[in-house]
Amino acid sequence: MFERFQLERVALSEATLRVRYGGSGPPILLLHGHPRTHTTWHRVAPLLTAHHTVVCPDLRGFGESSKPADTPDHSGSSKRAKARDCIELMRHLGFDRFSIVGHDRGSYTAFRTAMDHPEAIEKAVILDGVPILEALERCDARFATEWWHWFFFAQFEKPERAVLADPDAWYGGDPEAMGKASFADFHRAIHDPATVHGMIEDYRAGLSVDHLHDREDREQGRRIQCPAMVLWSLRDDLERLYGDVLEVWRPWTTSLVGHGLDCGHHMAEEAPEALASALLDFFQGNADSASLTT
């Protein structure tokens with residue numbers, strides 16, 4: 001797994017991140033989602049290294065990265081805080097400007113990094129996500145039924161107790177589908193009480209401060225300034241919940257392309273070649289321009 005990649009723990013001003021990186025060329029930062037670790041990218045990252053330097057961290061609160069201190073507003077787990085980690089990590093590795101890709105919960109950090117640090121982001125890719133504010137404002141009975149965990153995870157203590165009673169039953173996971181080494185890393189994470197708490201704090205931040213940051217951006221007319229691409233899983237529920245996913249993103253972007261991939265939610269594990277091909281096309285300027293927003 002991750003042949004010819006380096007594995008390090010990088011101490012930043014606010015967090016210590018477990019990071020794997022390799023390849024050469026223009027840098028790309030890959031951000032995982034919940035409940036995964038950076039190893040979810042093990043089939044995609046090597047396909048990008050012929051053209052790019054690829055950096056895969058565990059987000060703060062996840063995997064083997066450090067866990068932020070609890071605060072009443074959960075700001076240590078906010079996407080703004082994690083965006084600061086992204087900028088500092090890449091500068092530590094020698095990159096003042098880079099492209100960013102985020103899946104699931106990682107997509108919110110990728111979005112926030114592009115919004116808060118436009119000078120640093122060359123291109124941004126969102127995988128299976130819409131802005132947190134959009135999700136909350138469009139919430140109806142169907143969303144609350146299918147994404148009930150958002151609201152359950154916002155509760156005090158009960159989510160951790162429920163998950164840790166039987167993490168395997170709660171999260172599932174398949175060694176053959178995920179890859180045995182990646183599954184083992186994921187399995188360790190979901191059995192670690194500190195990591196489970198850190199992952200759930202990510203949701204608490206979403207419902208406390210993250211959506212307020214989104215609202216402030218919208219009120220001030222801020223958008224992602226770099227070219228953006230949104231990809232979503234055709235076998236998951238994003239189209240069912242939101243219809244035209246690109247229409248949701250157009251008010252938040254200045255240049256947008258995107259399409260669905262024929263796979264389930266964990267696209268880096270289920271469709272690594274298709275995902276890597278779409279990323280390379282976008283980063284090399286070959287993405288379909290028919291969906292561009294100006």
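Residues numbered from 1 in each chain as written. Predicted model: local features only at pLDDT ≥ 70, side-chain atom pairs only at ≥ 80, totals over all residues. Heavy atoms only, no water.

Per an unreviewed UniProt entry, the protein goes by Alpha/beta hydrolase and derives from Salinicola lusitanus.

Along an α-helix, a turn takes 3.6 residues, which lines up residues three or four apart on a common side. Spanning 12 residues, helix 3 (residues 105-116) covers 17 Å between terminal C-alpha atoms, matching the ideal 16 Å at 1.5 Å per step. Burial within helix 3 is extensive, with 11 of its 12 residues counted as buried. (Helix = DSSP H or I, 4+ residues; strand = E, 2+ residues; numbered from the N terminus. Expected span 1.5 Å × (residues − 1). Buried < 20%, exposed > 50% of the residue type's maximum accessible area, 1.4 Å probe, protein only.)

The next subject is the environment of Asp202. Tracing the sequence through the fold places Asp202 in helix 11 (residues 193-219). Residue Asp202 is classed as buried on the basis of its relative accessible area, which comes to 1%. Linking Asp202 and Phe62, residues 140 residues apart in sequence, is a C-alpha distance of 9.1 Å. When residues no more than four places from it in sequence are discounted, the contact partners of Asp202 are Phe62, Ser77, Lys79, Lys82, Arg105 and Asp210. (Contact = heavy atoms within 4.5 Å.)

Looking now at the sheet that holds strand 5 (residues 98-103). Spatial strand order, 1-2-4-3-5-6-7-8: 8 strands in an open sheet with mixed pairing. Here the strands that pair on one side only, and so sit at the sheet edges, are strand 1 (6-11) and strand 8 (256-261). Across the sheet, the mean angle from the axis of one strand to that of its neighbour is 20°, orientation sign disregarded. With 3 bridges connecting them, strand 3 (residues 27-31) and strand 4 (residues 53-57) associate as parallel partners. Bridge pairing in strand 4 links Ile28 to Val54. (Pairing = 2+ DSSP bridges. Axes fitted to C-alpha atoms, helices over the stretch in contact; angles between N-to-C directions.)

Right, let's talk about the environment of Phe111 for a bit. In this fold, Phe111 is placed in helix 3. Sequence separation between Phe111 and Arg223 is 112 residues, and the spatial gap between their C-alpha atoms is 9.9 Å. With near-sequence residues (within four places) excluded, Phe111 lies in contact with Ile126, Pro131, Asp214, Ile224, Trp249 and Trp252.

What the rule picks out here adds up to 16 aromatic pairs. Arranged with centres 6.1 Å apart and planes meeting at 45°, the rings of Trp148 and Phe152 form a pair that is tilted. Measuring from centroid to centroid gives 5.8 Å for Phe183 and Phe186, while their planes differ by 50°, and the two rings are tilted. Pair noted here: Phe183 and Phe186 are both in helix 10 (residues 180-190), with a separation of 3 residues, about one helical turn. Three or more aromatic residues joined by ring pairs make a cluster, and in this case those are Tyr108, Phe143, Trp147, Trp150 and Phe151. Directly above the ring of Trp150 sits Arg105, whose terminal nitrogen or CZ lies 5.5 Å from the centroid. (Phe/Tyr/Trp six-rings, centres within 6.5 Å; stacked < 30°, edge-to-face > 60°. Lys NZ or Arg CZ within 6 Å of the ring centre and 35° of its normal.)

The next thing to look at is the pattern of salt bridges. Overall, the coordinates contain 29 salt bridges when judged by the stated rule. A salt bridge links Asp185 to Arg188, with the nearest nitrogen and oxygen atoms 2.9 Å apart. Of the two residues, Asp185 and Arg188 both sit in helix 10, 3 residues apart, roughly one turn of that helix. Connected through salt bridges with shared partners, the residues Arg80, Arg112, Asp116, Asp214, Glu216, Asp217 and Arg222 form a single ionic network. (Salt bridge = Lys/Arg side-chain N within 4 Å of Asp/Glu carboxyl O.)

Their axes nearest at 9 Å, the elements helix 2 (residues 79-92) and helix 11 cross at an angle of 90°. Viewed along their axes, helix 2 and helix 11 adopt a mutual orientation that is roughly perpendicular. Side by side, helix 2 and helix 11 meet where Lys79, Arg80 and Lys82 of the first sit next to Asp202, Ala205, Gly206, Asp210 and His213 of the second. (Parallel < 35°, antiparallel > 145°, perpendicular 65-115°, else oblique.)

Checked against the element boundaries, Ser107 lands in helix 3. By relative accessible area, Ser107 is classed as buried at 1%. Look past the residues within four positions of Ser107 in its chain and what remains in contact with it is Gly102, Ile126, Leu127 and Gly129.

Moving on to the pairing of strand 4. The buried fraction of strand 4 amounts to 5 of the 5 residues, a majority that puts the element mostly inside the structure. Of the two faces of strand 4, both are covered, the one formed by Thr53, Val55 and Pro57 as well as the one formed by Val54 and Cys56. Strand direction decides the pairing type here: strand 2 (residues 16-23) and strand 4, joined by 5 bridges, are antiparallel. Bridge pairing in strand 4 links Gly23 to Thr53.

Take Asp237: it is sitting in the loop between strand 7 (228-233) and helix 12 (238-242). Of the side chains with opposite charge, Arg240 lies nearest to the buried Asp237, which makes no salt bridge, at 4.2 Å. Within polar-contact distance, the side chain of Asp237 engages the side chain of Trp147 at 2.7 Å. Each residue touching Asp237, except ones within four places of it in the same chain, is listed here: Glu146 and Trp147. (Lys, Arg positive; Asp, Glu negative; His and termini not counted. Polar contact = N/O pair within 3.5 Å; in protein donor to acceptor, adjacent residues only side chain to side chain.)

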